[in-house]
Amino acid sequence: MNATVPGRDGRPRCRWCAAAPEFFDYHDREWGFPVVDDIRLFEKLCLESFQSGLSWRTILAKRENFRAAFAGFDFRKVARFDERDVTRLLEDSGIVRHRGKIEAVINNARRACELADDEGSLAAFLWRFEPTDDGARPQSRSTSPASEALSKELRKRGWKFVGPTTVYAFMQAMGLVNDHAEECVMRNEVERARAALSLPT
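Residues numbered from 1 in each chain as written. Predicted model: local features only at pLDDT ≥ 70, side-chain atom pairs only at ≥ 80, totals over all residues. Heavy atoms only, no water.

Engineer: It is not clear to me how the overall build of the protein should be interpreted in this structure. Could you clarify?
Structural biologist: When helices and strands are tallied, the protein shows eleven helices and two strands. Its helices and strands in sequence order give the protein the pattern β-β-α-α-α-α-α-α-α-α-α-α-α, from N to C terminus. Taken over the C-alpha trace, the protein has a radius of gyration of 17 Å; the compact-globule value for 201 residues is 17 Å, and the two agree within 12%. Overall size of the protein, expressed as C-alpha extent along the three principal axes, is 50 × 35 × 25 Å. Of all 201 residues assigned to the protein, the portion counted as buried reaches 50%. Across the protein, the fraction of contacts at a sequence separation of at least 24, relative to all contacts at a separation of at least 6, is 61%. Entry remark: accessible area of the protein is about 9,900 Å², with carbon and sulfur atoms responsible for 47%. Both charge centroids of the protein, one from 32 positive and one from 31 negative side chains, sit 2 Å from each other. (Helix = DSSP H or I, 4+ residues; strand = E, 2+ residues; numbered from the N terminus. Rg over C-alpha atoms; globule rule 2.2 N^0.38 Å. Buried < 20%, exposed > 50% of the residue type's maximum accessible area, 1.4 Å probe, protein only. Contact = heavy atoms within 4.5 Å. Areas by Shrake-Rupley, 256 points an atom, 1.4 Å probe, with all protein chains shown as cover. Lys, Arg positive; Asp, Glu negative; His and termini not counted. Charge placed at Lys NZ, Arg CZ, Asp CG, Glu CD.)

Written out as structure tokens, the structure is:
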């Protein structure tokens, strides 16, 4: 099967873009470009946990609602949420109303505060798990040794809903791996952005 589909400009994009029109912009502007901003990293971990069992299209369509509901995913603010906030969120039709996932975001915000205090930043910790090239073909798997290692470490630190598949999707989206198809027009752009990145320490 061809790994790409033509974009609006006729140039090849990763095949998954064909699943929804809005995926092309997300693919070209965000997916795979390296991120070192703690808030965006935390947001993506949360949104990937909400996606579990659902489609990314559902989550992407509700992303602004999630941001409004969860204080812009500022984890130091979310860490102060209490049971009243859980009740509020369970009544919010603009997000995915799943008690376990809502409570996991609040728990993970508290763990994120601890991790940032211990490690200097979320980015400094998360980017230590950037894998070396192990020769796997792009988009040929749903987990990796690096995602399994990061998932294990997060869970050891008390995080929830961060299994290896969720973590691998996070790593793909946040640029810890460049998983664009070999023929995709964005692959080289992402690789240039990764090469220019100043990694947090």
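Engineer: Any chance you could explain the packing of aromatic side chains here in plain terms?
Structural biologist: Given two aromatic rings, one states the distance between the centres and the angle between the planes to describe the pair. For the coordinates displayed, the defined rule picks out twelve aromatic pairs. On the basis of an interplanar angle of 50° and a centroid distance of 4.7 Å, the ring pair of Phe50 and Phe66 is categorised as tilted. Placement of Phe50 in helix H2 (residues 38-51) and of Phe66 in helix H4 (residues 63-69) is noted, with a sequence separation of 16 residues between them. Taken together, the ring pairs connect Phe42, Phe50, Phe66, Phe70, Phe73, Phe75, Phe81 and Trp159 into an aromatic cluster. The positively charged end of Lys44 is found above the aromatic ring belonging to Trp56, 3.5 Å away from the centroid. Positioned above the aromatic ring of Phe81, the side-chain terminus of Arg88 is 5.3 Å from the ring centre. (Phe/Tyr/Trp six-rings, centres within 6.5 Å; stacked < 30°, edge-to-face > 60°. Lys NZ or Arg CZ within 6 Å of the ring centre and 35° of its normal.)

Engineer: Help me understand the nonpolar core, please; the structure alone is not making it clear to me.
Structural biologist: A general trend in soluble globular proteins is that nonpolar side chains are found buried together. Core analysis: the largest hydrophobic core is formed by 61 residues, its most contacted members being Phe42, Phe66, Phe70 and Trp159. Beyond its immediate chain neighbours, meaning those up to four positions away, Phe66 contacts Leu47, Phe50, Ile59, Phe73, Ile95 and Val96. (Core = buried A, V, L, I, M, F, W, Y, C linked by side-chain atoms within 4.5 Å.)

Engineer: I would appreciate a short explanation of helix H7 (residues 99-119) in the present structure.
Structural biologist: Helical geometry: 3.6 residues make up each α-helical turn, so side chains three or four residues apart lie on a common side. With 21 residues, H7 should reach 30 Å at 1.5 Å per residue; the first-to-last C-alpha distance of 29 Å fits that figure. Phi for Gly120, located one or two positions after H7, is positive at around 100°. (Expected span 1.5 Å × (residues − 1).)

Engineer: When you look at unusual backbone geometry in this model, what are you seeing that I'm missing?
Structural biologist: Negative phi characterises most residues that are not glycine, and trans characterises most peptide bonds. In this model, Phe73 sits at a positive phi of 60°, which is unusual for a non-glycine residue. You can see Phe73 is positioned in the loop between H4 and helix H5 (75-78). On the basis of relative accessible area, Phe73 is assigned to the buried category, the value being 0%. A positive phi is found at Phe161, a non-glycine position, where the angle reads about 55°. Relative to the helices and strands, Phe161 resides in the loop between helix H9 (145-156) and helix H10 (164-173). A relative accessible area of 36% places Phe161 in the partly exposed class.

Engineer: Any chance you could explain H10 here in plain terms?
Structural biologist: Of all ten residues making up H10, eight are buried, and the element is well covered by its neighbours. Buried residues belonging to H10 abut helix H1 (23-29), H2, helix H8 (122-126) and H9. In the stretch just after H10, Gly175 is the one whose phi turns positive, near 85°.

Engineer: Would you take a moment to explain the side chain of Gln51 for this structure?
Structural biologist: As for its placement among the helices and strands, Gln51 is situated in helix H2. What makes Gln51 buried here is its relative accessible area of 19%. Apart from residues no more than four positions distant in its own chain, Gln51 is found in contact with Trp56 and Ile59.

Engineer: Any chance you could explain the side chain of Ser147 here in plain terms?
Structural biologist: Take Ser147: it is sitting in helix H9. What makes Ser147 buried here is its relative accessible area of 0%. For Ser147, the side chain forms a polar contact with the main-chain nitrogen of Ser144, separated by 3.0 Å. (Polar contact = N/O pair within 3.5 Å; in protein donor to acceptor, adjacent residues only side chain to side chain.)

Just distances and angles here, no functional claims.
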